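Summary of the model geometry
The chain contents come next:
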Amino acid sequence: MSLALFPLNTVLFPGCTLDLQIFEARYLDMISRCMKQSGGFGVVCILEGEEVGVAPEGYALVGCEALIRDFKQQDNGLLGIRVEGGRRFRVLRTEVQRDQLMVAEVEWLDDVPEQPLQDEDADLVALLRALAEHPMVEALNMGTEATGQQSLANQLAYLLPFSELDKIDLLQLDDPQQRLDAIQALLDELQGELFA
């Protein structure tokens, strides 16, 4: 499967919302194609290089499909789009086009079916509810109600202030229980640093 890539300094997760401002010609063309074909593009996290200009040299090989949910012209005249994370994918190979747009051959990663929330998830559910009250999170209109372990894990991994490398590791985990356990371990680490 061929997918245009949008390398960013962020990690997108399935079911999560991201607002982008588009101004480079290669991405305006890409968005236009996506809208005509009702398709998405791939968001991969940049590990080495910049968001603007030439294609980055280093980026995560696991990313998330971005589906355009809304668009509008910003006050500054630029195109603003809101995307929602779709399926996860692994980059098999990439090609940089003349306009510096990266196009990748990708394979979709299988997600474990949504599992019901367990009693031991209660603290993480409470944490997500607390995060949902933050104005920046509220502005995303993500609907931060966890419908199961997968959505809880995705939303927490996306919203919590973990490093991009930690977020990439979380995105690669197929099992929602493993992802929740890893999030709990990262939270314990953060708390340890705060109280050390």
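Residues numbered from 1 in each chain as written. Predicted model: local features only at pLDDT ≥ 70, side-chain atom pairs only at ≥ 80, totals over all residues. Heavy atoms only, no water.

1. A word on the side chain of Arg 88
So the rule is basically this: For the purposes of this entry, the term helix denotes a DSSP run of H or I that reaches at least four residues, the term strand denotes a run of E that reaches at least two, and both are numbered from the N terminus. Here's how the labels work: a residue is buried when its accessible area is under 20% of the maximum for its type, exposed when over 50%, partly exposed in between, all with a 1.4 Å probe on protein chains only. Polar contact criterion, stated in full: a pair of N or O atoms within 3.5 Å, where within protein one must be able to donate a hydrogen and the other to accept it, and residues adjacent in sequence count only if both atoms are side-chain atoms.
Relative to the helices and strands, Arg 88 resides in strand E6 (residues 79-96). Using a relative accessible area of 0% as the deciding quantity, one classes Arg 88 as buried. Within the local environment of Arg 88, its side chain forms a polar contact with the side chain of Asp 111, the two groups lying 2.9 Å apart. Here Leu 171 takes part through its backbone oxygen, which lies 2.7 Å from a polar atom of the side chain of Arg 88.

2. Quick word on the domain arrangement of the protein chain
Keep this limit in mind: Domain start and stop points were drawn from an automatic or database domain assignment. Working rule for contacts: check all heavy atoms of both residues, and any pair within 4.5 Å makes them a contact. What counts as buried area is the accessible surface, traced by a 1.4 Å probe, that two parts surrender upon association, with contributions from both included. A side-chain nitrogen of Lys or Arg and a carboxyl oxygen of Asp or Glu constitute a salt bridge if their distance falls within 4 Å. Here the nonpolar group is Ala, Val, Leu, Ile, Met, Phe, Trp, Tyr, Cys and Pro; Asp, Glu, Lys and Arg are the charged ones; every other residue, Gly included, is treated as polar.
What the domain assignment lists for the protein chain is domain 1 (2-108) and domain 2 (119-195). Spacing between the C-alpha centres of domain 1 and domain 2 amounts to 23 Å. Contact residues are listed per partner, giving 20 residues for domain 1 and 18 residues for domain 2. Buried surface at the junction of domain 1 and domain 2, both sides included, amounts to about 1,500 Å², of which 64% is carbon and sulfur. Taken as a group, Val 11, Phe 13 and Arg 88 account for 39% of the area that domain 1 buries against domain 2, more than any other trio of residues on that side. Taking the shortest distance from any N to any O, the salt bridge between Asp 174 and Arg 88 comes out at 2.7 Å. Connecting domain 1 to domain 2 are 6 residue pairs in polar contact (both at pLDDT 80 or more). When residues of the side of domain 1 that touches domain 2 are traced back to their parent elements, those giving at least two are strand E2 (17-22), strand E3 (41-48), strand E5 (62-73) and E6. When the residues that make up the side of domain 1 that touches domain 2 are grouped by side-chain class, the tally is 11 nonpolar, 5 polar and 4 charged.

3. A short note on the packing of aromatic side chains
Put simply, the test is: Between rings of Phe, Tyr and Trp, where Trp is taken as its six-membered ring, a pair exists when centres lie within 6.5 Å; planes separated by under 30 degrees are stacked, by over 60 edge-to-face, and by other angles tilted.
A complete count under the given rule lists 3 aromatic pairs for this structure. When the centroid spacing of 4.1 Å and the interplanar angle of 5° are considered together, the rings of Phe 6 and Tyr 27 count as stacked. With Phe 6 in strand E1 (residues 2-8) and Tyr 27 in helix H1 (residues 25-37), this residue pair connects regions lying 21 residues apart in the sequence. Taking relative accessible area as the criterion, Tyr 27 reaches 3% and is therefore assigned buried. Judged by centre distance (6.1 Å) and plane angle (90°), the rings of Phe 89 and Trp 108 are edge-to-face. Highlighted residues: Phe 89 in strand E6 and Trp 108 in strand E7 (residues 102-108), separated in sequence by 19 residues. Residue class for Phe 89 comes out buried when judged on its relative accessible area of 0%.

4. Section: the environment of Gly 63
For Gly 63, the position within the fold is in strand E5. In this structure the C-alpha to C-alpha distance between Gly 63 and Gly 80, which are 17 residues apart in sequence, comes to 21 Å. Apart from the residues lying within four places of it in its own chain, the contact partners of Gly 63 are Val 43, Val 44, Arg 87, Arg 88, Phe 89 and Leu 171.

5. A closer look at the pairing of E1
Going by this rule: A pair of strands is considered paired only if DSSP assigns at least 2 bridges between the two.
For E1, the buried fraction is high: 6 of the 7 residues fall into the buried class. Two strands pair when backbone bridges link them, and E1 and E7 are joined in this way by 4 bridges, in the antiparallel orientation. If you follow Leu 3 over to E7, its bridge partner there is Ala 104. Of the pairings in the sheet, the one linking E1 to E3 comprises 4 bridges and is parallel in character. Across the sheet, the residue bridging to Leu 5 is Gly 42, located in E3.

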